[in-house]
Amino acid sequence: MRIERSLQVCSAALSCIGTVMLGVGEDNYTLVAVSVVVSIASLILCDRLRLVQINNLVSNIASICVLIFAFVLAGSKTSDHRVLIMAELMAHLQFILQFKAKTVRNYWLLALVSFLQAAVAAALETGLAFAVLLTVYLFWALFFLGTFYLYREQLRHAADAAVEGKPSRRKAFVARPASESLLTGASREFSRRMIGLA
């Protein structure tokens with residue numbers, strides 16, 4: 001599915017840009033470098049080749065280990081440094097989530113963590129370079145949300161076709177008979193959604 005491939009790239013890039021913004025806000029360029037490497041590795045190894053996909057048990061154990069490590073680090077720091085450690089905790093949990101098999105739920109979680117990282121980074125940094133990154137992030141987030149919507153619609157229509165016993169068509173997310181014009185099919189789909197039948 002081409003939409004799913006586009007969504008994988010969008011998700012990896014959105015996660016990477018969110019963590020880069022957080023790293024720039026903290027002046028932690030190690031986090032920036034790790035974010036780029038993890039995003040590229042997860043896109044290739046997990047999403048494309050499907051060689052490395054961690055299951056729920058492994059991701060839960062890794063998340064608990066990262067959480068314990070963050071709490072141990074936070075115990076010996078001042079309150080200002082604790083906020084930064086908790087912000088980095090989001091990045092590490094995102095790294096774990098990037099290596100899980102992508103489902104609708106996991107895409108939402110990746111987007112949520114990325115949005116939280118952008119919010120924290122906005123409180124830490126106010127420079128011109130950050131404004132440029134934030135603008136790129138905004139447009140990329142809108143592109144991600146549009147692609148994610150198309151992906152969810154494609155899944156929903158494939159499920160509807162499977163329930164009705166019809167083979168699913170991969171041409172478009174608005175299915176129509178060959179005899180109908182595009183305008184008639186689109187208006188019928190719009191009307192059906194507006195009256196609440198969808």
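Predicted model, so just to flag it, every value in this text is computed and none were measured. (Residues numbered from 1 in each chain as written. Predicted model: local features only at pLDDT ≥ 70, side-chain atom pairs only at ≥ 80, totals over all residues. Heavy atoms only, no water.)

S.K.: Talk me through the overall build of the protein chain; I want residue IDs and the actual numbers.
M.R.: The secondary structure content of the protein chain amounts to 7 helices and 0 strands. Tracing the protein chain from N to C terminus, the helices and strands come up as α-α-α-α-α-α-α. Within the protein chain, contacts between residues separated by at least 24 positions form 70% of all contacts whose residues are at least 6 apart in sequence. (Helix = DSSP H or I, 4+ residues; strand = E, 2+ residues; numbered from the N terminus. Contact = heavy atoms within 4.5 Å.)

S.K.: How would you summarise the pattern of salt bridges if you had to cite specific residues and measurements?
M.R.: For side chains of opposite charge, pairing can occur when their charged atoms come near one another. If you walk through the whole model with that rule in mind, you get 3 salt bridges. The residue Asp160 makes a salt bridge to Arg156 at a minimum N-O spacing of 3.8 Å. Placement of the pair is Asp160 and Arg156 together in helix α6 (residues 128-164), with a separation of 4 residues, close to one helical turn. For Arg156, a relative accessible area of 26% puts it in the partly exposed group. Residues joined in a network through salt bridges with shared partners are Glu153, Arg156 and Asp160. (Salt bridge = Lys/Arg side-chain N within 4 Å of Asp/Glu carboxyl O. Buried < 20%, exposed > 50% of the residue type's maximum accessible area, 1.4 Å probe, protein only.)

S.K.: Run through the environment of Ala111, naming residues and quoting values.
M.R.: Residue position: Ala111 is located in helix α5 (residues 104-124). Along the chain, Ala111 and Leu145 lie 34 residues apart, while their C-alpha atoms are 8.8 Å from each other.

S.K.: Break down the packing of helix α1 (residues 2-26) against α5 for me, with residues and values.
M.R.: The N-to-C vectors of α1 and α5 enclose an angle of 25 degrees; their axes lie 8 Å apart at closest approach. The angle between the axes of α1 and α5 places the two elements in the roughly parallel class. Taken as a pair, α1 and α5 cross one another with a handedness that is left-handed. Contacts between α1 and α5 involve Glu4, Leu7, Gln8, Ser11, Leu14, Ser15, Gly18, Thr19, Met21, Leu22, Gly25 and Glu26 from the former and Tyr107, Leu110, Ala111, Ser114, Phe115, Gln117, Ala118, Val120, Ala121 and Leu124 from the latter. Grouping the constituent residues of the contact of α1 with α5 by class yields 12 nonpolar, 8 polar and 2 charged. (Axes fitted to C-alpha atoms, helices over the stretch in contact; angles between N-to-C directions. Parallel < 35°, antiparallel > 145°, perpendicular 65-115°, else oblique. Left-handed = near helix turned anticlockwise from the far one by under 90°. Nonpolar A, V, L, I, M, F, W, Y, C, P; charged D, E, K, R; others polar.)

S.K.: Explain the nonpolar core to me, and be specific about the residues and the numbers.
M.R.: Core analysis: the largest hydrophobic core is formed by 15 residues, its most contacted members being Leu7, Leu14, Met21, Tyr137, Phe144 and Phe148. Elements that contribute at least two residues to this core include exactly α1, α5 and α6. Ignoring any residue separated from it by four or fewer positions in sequence, one finds Tyr137 in contact with Leu14, Ile17, Gly18, Met21, Ser114, Phe115 and Ala118. (Core = buried A, V, L, I, M, F, W, Y, C linked by side-chain atoms within 4.5 Å.)

S.K.: Break down the packing of aromatic side chains for me, citing the residues and quoting the values.
M.R.: The relative placement of two aromatic rings is captured by the distance of their centres and the angle of their planes. Enumeration over the complete set of coordinates arrives at 6 aromatic pairs. Taking the centre distance of 5.7 Å and the plane angle of 55 degrees together, the rings of Trp140 and Phe143 count as tilted. You can see Trp140 and its partner Phe143 sitting in helix α6, 3 residues apart, about one turn around the helix. Here Phe143 falls in the partly exposed class, since its relative accessible area comes to 45%. Judged by centre distance (5.8 Å) and plane angle (5 degrees), the ring pair of Phe144 and Phe148 falls under stacked. With Phe144 and Phe148 both in helix α6 and 4 residues apart, the pair spans about one turn of that helix. A relative accessible area of 1% means that Phe144 is categorised as buried. On the basis of relative accessibility, which here comes to 1%, the residue Phe148 falls in the buried class. (Phe/Tyr/Trp six-rings, centres within 6.5 Å; stacked < 30°, edge-to-face > 60°.)

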